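Each chain is listed here by its residues.
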Amino acid sequence: MSLTDVYYSSMVRVTNLLAAPDPAGGGTVPQPSINGSLPSGLSTKVQQVLGLVAWAGTAAGVVGVLITGAVMAISHKRGESSEHMSRLGMVLGGCILVAMAGPIVSWLFTTPQSGSN
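What comes next is a walk through the structure. (Residues numbered from 1 in each chain as written. Predicted model: local features only at pLDDT ≥ 70, side-chain atom pairs only at ≥ 80, totals over all residues. Heavy atoms only, no water.)

Between its first and last C-alpha atoms helix α2 (residues 42-78) spans 54 Å; for 37 residues at 1.5 Å apiece the expected length is 54 Å, and the two agree. Of the residues making up α2, those classed as buried are G61, G64, T68 and S75. (Helix = DSSP H or I, 4+ residues; strand = E, 2+ residues; numbered from the N terminus. Expected span 1.5 Å × (residues − 1). Buried < 20%, exposed > 50% of the residue type's maximum accessible area, 1.4 Å probe, protein only.)

Structure representation (structure tokens):
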């Protein structure tokens, strides 16, 4: 058996696996239940952890900006030139990512309301 034969036979198997069932044949795709519920207290604990992680990310961003500013000031006083602006840009980019993480996740995982476009 050649490599080409193995490739095509595996592609046929994958294609058959991914093929939708024939509606005329009566096959149905199982649908998960959307009426599940969280264990009691889990939502509160997850909110607390996410709040702590968001606070730590914000604190790390502030510390990063302060350290970068201090290194820039020391280098300027010594007359050294280095690429502090790129470091500052990376720190500020991280701060923006931490600040936008919550709204991005909310936007991705909220279901659209009926009647909205």
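Bringing a nonpolar patch on the surface into the picture now. Judged by side-chain polarity, I96, M100, I104, V105, W107, L108 and F109 come together as a nonpolar surface patch covering roughly 800 Å² of accessible area. Classification of M100 as partly exposed rests on a relative accessible area of 39%. (Patch = residues over 30% accessible without salt bridge, like charges linked within 9 Å, V, L, I, M, F, W, Y side chains within 5 Å. Areas by Shrake-Rupley, 256 points an atom, 1.4 Å probe, with all protein chains shown as cover. Salt bridge = Lys/Arg side-chain N within 4 Å of Asp/Glu carboxyl O.)

Quick look at helix α3 (residues 84-109) now. For α3, spanning 26 residues, the distance from its first C-alpha to its last is 37 Å, which sits close to the expected 38 Å at 1.5 Å a residue. Where α3 bends most, at M100, the angle is about 45°, and the proline P103 comes one to four residues later. Along α3, the residues that are buried comprise H84, L88 and V91. Packed against the buried residues of α3 are α2. (Bend = angle between axes of the 7 residues up to and from the residue. Contact = heavy atoms within 4.5 Å.)

What follows concerns the packing of α2 against α3. Across the interface, α2 lies against α3 with an axial gap of 9 Å and an inter-helix angle of 165°. Here α2 is positioned roughly antiparallel relative to α3, judged by the angle of their axes. Our pair here, α2 against α3, has a crossing hand that is left-handed. Between α2 and α3, the residues in contact are A54, G57, T58, G61, G64, V65, T68, V71, M72 and S75 and H84, M85, R87, L88, V91, L92, C95 and V98, respectively. (Axes fitted to C-alpha atoms, helices over the stretch in contact; angles between N-to-C directions. Parallel < 35°, antiparallel > 145°, perpendicular 65-115°, else oblique. Left-handed = near helix turned anticlockwise from the far one by under 90°.)

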